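The primary structure of each chain is shown beneath.
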Amino acid sequence: MKREPRILSGIGVAPGIAIGPAFVIGTFGISVPEYSITAGQVADEITRFNHAAAQSRKQIKQLQNRAEALPAGAAEEISILLEAHHAMLSGSRLVRGVEALIKSSRINAEAAIERQITEIGANFASMGDSYLAARMADVREVGQRLLRNLLQQHYHPFAGAPAGSILISDEITPADTALMDPKKIAGFAAVLGGPEGHAAIMARALGLPAVLGVAALLQGVNPKDPIIIDGYRGEIIVYPNAVQLRAARQMLQKQTAERGKLRALKRLSATTRDQVTIDLHVNLELPRELDDALDAGAQGVGLLRTEFMFMNRADLPGEDEQYAALRQMIEGLNGKIMTVRTLDVGGEKLAGALAQLGAGSANPALGLRAIRLGLKMPELLETQLAAILRAAAYGPVRILIPMVSSVVQMQQVRHIMQQVAKRLQRKGVKLPPKLPPLGAMIEIPGAALAADALAQVSDFFAIGSNDLTQYTLAIDRGDEQVAELYNPMHPAVLRLMQFTIVAALRARIPVSACGELAGDTNYTALLVGLGLRELSMSPARLPRVKQKIRSLELASAIGLAEHVMTESDETQIIKLLKDASNAAPSARRHTH
Ligand code: PEP
Ligand code: MG
């Protein structure tokens, strides 16, 4: 049967085109672990199941909210379906049955869910009713959602995806993206998620085209449907026609040719036309990006997000394990600097064994996270600092502290670092001759406003514009519903950045920008004009930023920054920057 093409819109969060079959997460068999539990464990197991049910209900509510954005007919249909799913998760036959099985058969929640679903299925089938047979698909789907929530830490939802697949899901978590192999996965799309959430950042880092916030996704795409994903426009074309396919293939070719051109810049320095050199560093999410970073010609790592060590596992990594992973990366950098950020979990970034910790927070973005967690659980911070200090014996390292809000926090961390170093020295462990510089992320508005004081207790600053924007404007960076309001060019954010840069320059400490804006060529001239001489971004974006810098004049970048800082309207600022960017002379041909 010939199918008509359908276009579904969302937010393009990672540029690029991919063509491939859909791999819909949640519509295939999951291998379910089965084990016995003791009588004493029954209550805990039921609580674990109830948590998964509550989490599932919350997810369904979120999906319902998104579905409201659809045209009336579709919205109603989906709403009825989701309502039915929601009802199955409280006091239903499924829920009661699972609880009874955990109690009577003393088995784990996952096995009880599987058994209960089989039983309901057999029951429905024996009635020979087509309506009930259709409901069975819903029961299975709800069961799968429960299993996915229960198995979170050990479960690889797309292990079976054929090469070249485009992943389709209600939500792709940062932990999911950590498991994606760009050689196998061509791109992904999800109902939930905004442009600055971590799944989006990971997609850009991995060079995977991605579209998030596609409200009609799960109803519009079936497993194996042929799809074009267009990360530039934020569109998904299901069953594309010949014309659409041809256009997509041409775009793919252009993409490949441009990558080749940018590669030629690798050996050139990021120097403006009037000879000011900017240090270009990379942000790394995963060790396997190191090769890309070196390939892109980075001068070092400006931000290593260490969360990867804590993802997709139930336990915490020990000192030796963290040390080994860090040492390998530091050695891989061959003398280039490595900026290791201590663990930044909490908020949207929940990691396996630590997930429970933030869970109690009514408002996780403002709760126990990042360095607050490290100072509350000193053993967590000490273990990580010990691993970093040991690894620092093998190459230049800086240590970066996330979500700093006060001078006291920096003093406490420095004290802990010195104590850890003393302990290691006493044990005769190999350490670097000097302790690494200790820097503060400036990503909380209060920290930016106190930047002059923080500069007295910090060896360097890294401006985290992603969170700085989120907290200054009170916009959840990962929520597609308010994505339009998320704007790092808001004058309030820019003033906080300027204040931070001036404070750092006065105190003569280095300052960099490592949020997503550092990799956007529309902002390069402004950042340089504001005084930044170090930018850190995902490896894929570095060559373009270098090309941009090579086309700039410092004097005009400063003029542009001065002009921008007098503007009060962010749309005007963006227009100004775009105009200046387009008017800039093209990159030089000669090499240095
Ligand atoms: C930031 O907040 O800008 C930042 C670089 O850190 P992350 O995106 O990991 O929160
Ligand atoms: Mg941050």
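(A) The arrangement of the overall build of the protein in detail. If you tally the helices and strands in the protein, you get 23 helices and 16 strands. Its C-alpha atoms give the protein a radius of gyration of 25 Å, near enough to 25 Å, the size a compact globule of 592 residues would have. With the principal axes as the frame, the protein shows a C-alpha extent of 80 × 65 × 40 Å. Taking all 592 residues of the protein together, 54% fall into the buried category. Restricting to contacts in the protein with at least 6 residues of sequence separation, those with at least 24 account for 71%.

(B) View of the coordination of the magnesium ion (ligand 2). At 2.0 to 2.1 Å from the magnesium ion (ligand 2) lie its protein donor atoms, namely Glu 443 (OE) and Asp 467 (OD). On the criterion of sequence distance, the pair formed by Glu 443 in the loop between strand 13 (438-442) and helix 16 (445-449) and Asp 467 in helix 18 (residues 465-473) is long-range, its members being 24 residues apart. Like Asp 467, Glu 443 is buried.

(C) Main features of the site of ligand 1. The full set close to ligand 1 counts 16 residues, and Arg 305, Arg 341, Gly 464, Asn 466 and Arg 477 are the nearest of them. Between ligand 1 and the protein, one listed contact pairs an oxygen atom with a side-chain N or O atom of Asp 467 at 2.9 Å. Take Arg 477: an N or O atom from its side chain is 2.7 Å from an oxygen atom of ligand 1. Protein chains bury 100% of the 290 Å² of accessible surface belonging to ligand 1 in isolation. Elements supplying a minimum of two residues to the shell around ligand 1: helix 7 (198-206), strand 10 (300-305) and helix 18. When residues in the shell around ligand 1 are grouped by element, the largest group, three residues, is from helix 18. Counted by class, the shell around ligand 1 contains four nonpolar, five polar and seven charged residues.

(D) Here's a closer look at the packing of helix 11 (residues 319-332) against helix 14 (residues 378-391). For the pair helix 11 and helix 14, the least separation of the axes is 8 Å and the interaxial angle reads 35°. Considering only the axes of helix 11 and helix 14, their crossing is right-handed. Of the residues in helix 14, those in contact with Glu 319, Asp 320, Gln 322, Tyr 323, Leu 326, Arg 327 and Ile 330 of helix 11 are Thr 383, Gln 384, Ala 386, Ala 387, Ile 388, Arg 390 and Ala 391. Tallied by class, residues from the contact of helix 11 with helix 14 come to seven nonpolar, three polar and four charged.

(E) Spotlight on the side chain of Glu 110. Within the fold, Glu 110 resides in helix 4 (residues 109-127). Beyond its immediate stretch of four places on either side in the chain, Glu 110 contacts Val 32, Pro 33, Tyr 35, Glu 45, Arg 48, Leu 147, Leu 150 and Leu 151.

(F) The arrangement of the pattern of salt bridges in detail. Counted under the stated rule, the structure contains 21 salt bridges. The residue Glu 34 makes a salt bridge to Arg 115 at a minimum N-O spacing of 2.6 Å. Highlighted residues: Glu 34 in the loop between strand 3 (17-24) and helix 1 (42-67) and Arg 115 in helix 4, separated in sequence by 81 residues. Notably, a salt bridge pairs Arg 341 with Asp 344, separated by 3.4 Å at the nearest N-O pair. Accessibility assignment for this pair places Arg 341 and Asp 344 in one class, buried. Bridged by salt links that share partners, the residues Glu 196, Arg 204, Glu 516 and Arg 541 form one connected network.

(G) Summary view of the pairing of strand 5 (residues 185-190). Within strand 5, five of the six residues are buried, which leaves it mostly tucked inside the rest of the structure. Bridging between strand 4 (residues 165-169) and strand 5 involves five bridges; their strand directions are parallel. Directly across from Leu 167, in strand 5, lies its bridge partner Phe 188. Pairing between strand 5 and strand 6 (residues 210-212): two bridges, direction parallel. Note on strand 6: the bridge partner recorded for Ala 189 is Val 211.

(H) Geometry of the nonpolar core. Counting residues in each nonpolar core, the largest one holds 124 residues, and the members touching the most others are Phe 461 and Leu 535. No other element matches the eight residues that helix 14 contributes to this core. Apart from the residues lying within four places of it in its own chain, the contact partners of Phe 461 are Ala 440, Ile 442, Ala 451, Leu 454, Ala 455, Thr 500, Ala 504, Ile 509, Pro 510, Val 511 and Ser 512.

(I) Broad picture of helix 3 (residues 93-105). An ideal rise of 1.5 Å per residue puts 18 Å on 13 residues; helix 3 measures up with 17 Å between its terminal C-alpha atoms. Following helix 3 by one or two positions, Arg 106 has its phi on the positive side, about 50°.

(J) Up close: empty space enclosed by the protein. Following the criterion strictly, the structure yields four cavities of 30 Å³ or more and no others. Looking at the second largest cavity, its volume works out to about 80 Å³. Lining the second largest cavity are Phe 310, Thr 342, Leu 343, Val 345, Ala 370, Ile 371, Leu 373, Gly 374, Leu 380, Leu 381 and Gln 384. Those elements that provide at least two residues to the lining of the second largest cavity are helix 13 (370-376) and helix 14. Per-element accounting of the lining of the second largest cavity gives the leading share, four residues, to helix 13.

(K) Structural view of the packing of helix 3 against helix 4. As a packed pair, helix 3 and helix 4 sit with axes 9 Å apart at the nearest point and diverge in direction by 125°. Comparing the axis directions of helix 3 and helix 4 gives the class oblique. Classified by chirality, the crossing of helix 4 by helix 3 is right-handed. On helix 4, the residues touching Arg 93, Leu 94, Gly 97, Val 98, Leu 101, Ile 102 and Ser 105 of helix 3 are Ala 109, Ala 112, Ile 113, Arg 115, Gln 116, Ile 117, Glu 119, Ile 120, Asn 123 and Phe 124. Residues that form the contact of helix 3 with helix 4 fall into these classes: 10 nonpolar, four polar and three charged.

(L) Representation of the sheet that holds strand 8 (residues 235-238) within the structure. Taken together, eight strands build an open sheet; the order of strands is 1-8-7-3-4-5-6-2 and the sheet is mixed. The open sheet has two free edges, formed respectively by strand 1 (6-9) and strand 2 (11-14), since each of these has just one partner strand. Pairwise comparison of adjacent strand axes, ignoring direction, gives a mean angle of 30° for this sheet. As defined by bridge partners, strand 7 (residues 226-230) adjoins strand 8 across four bridges and the pair is classed as antiparallel. In the sheet register, Ile 227 faces strand 8, and the bridge partner there is Val 238. Contacting strand 2, strand 5 and strand 6, helix 7 crosses the sheet at an angle of about 55° to strand 2. Sheet strands touched by helix 9 (residues 242-263): strand 1, strand 3, strand 7 and strand 8. Its angle to strand 3, the strand with the most contacts, is close to 115°.

(M) Just the packing of aromatic side chains, in detail. Here the structure, examined in full by the defined rule, presents zero aromatic pairs. Sitting above the plane of the Tyr 323 ring, Arg 390 keeps its charged end 4.1 Å from the centroid. Sitting above the plane of the Phe 460 ring, Arg 398 keeps its charged end 4.4 Å from the centroid.

(N) Region of the structure containing unusual backbone geometry. The residue Arg 106 is not glycine, and still its phi comes out positive at about 50°. Along the chain, the position of Arg 106 falls in the loop between helix 3 and helix 4.

Conventions and cut-offs
- Residues numbered from 1 in each chain as written.
- Chains lettered and ligands numbered in written order.
- Predicted model: local features only at pLDDT ≥ 70, side-chain atom pairs only at ≥ 80, totals over all residues.
- Heavy atoms only, no water.
- Helix = DSSP H or I, 4+ residues; strand = E, 2+ residues; numbered from the N terminus.
- Rg over C-alpha atoms; globule rule 2.2 N^0.38 Å.
- Buried < 20%, exposed > 50% of the residue type's maximum accessible area, 1.4 Å probe, protein only.
- Contact = heavy atoms within 4.5 Å.
- Donors = N, O, S within 2.8 Å, 3.2 Å for Na, K, Ca; no water.
- Near = heavy atom within 4 Å.
- Polar contact = N/O pair within 3.5 Å; in protein donor to acceptor, adjacent residues only side chain to side chain.
- Areas by Shrake-Rupley, 256 points an atom, 1.4 Å probe, with all protein chains shown as cover.
- Nonpolar A, V, L, I, M, F, W, Y, C, P; charged D, E, K, R; others polar.
- Axes fitted to C-alpha atoms, helices over the stretch in contact; angles between N-to-C directions.
- Left-handed = near helix turned anticlockwise from the far one by under 90°.
- Salt bridge = Lys/Arg side-chain N within 4 Å of Asp/Glu carboxyl O.
- Pairing = 2+ DSSP bridges.
- Core = buried A, V, L, I, M, F, W, Y, C linked by side-chain atoms within 4.5 Å.
- Expected span 1.5 Å × (residues − 1).
- 1 Å grid on protein atoms, 1.4 Å probe; cavity = no way out; pocket = protein on both sides within 12 Å on 5 of 7 lines; lining within 4 Å.
- Points joined across faces, edges and corners; volume = space filled by probe spheres on them.
- Parallel < 35°, antiparallel > 145°, perpendicular 65-115°, else oblique.
- Phe/Tyr/Trp six-rings, centres within 6.5 Å; stacked < 30°, edge-to-face > 60°.
- Lys NZ or Arg CZ within 6 Å of the ring centre and 35° of its normal.

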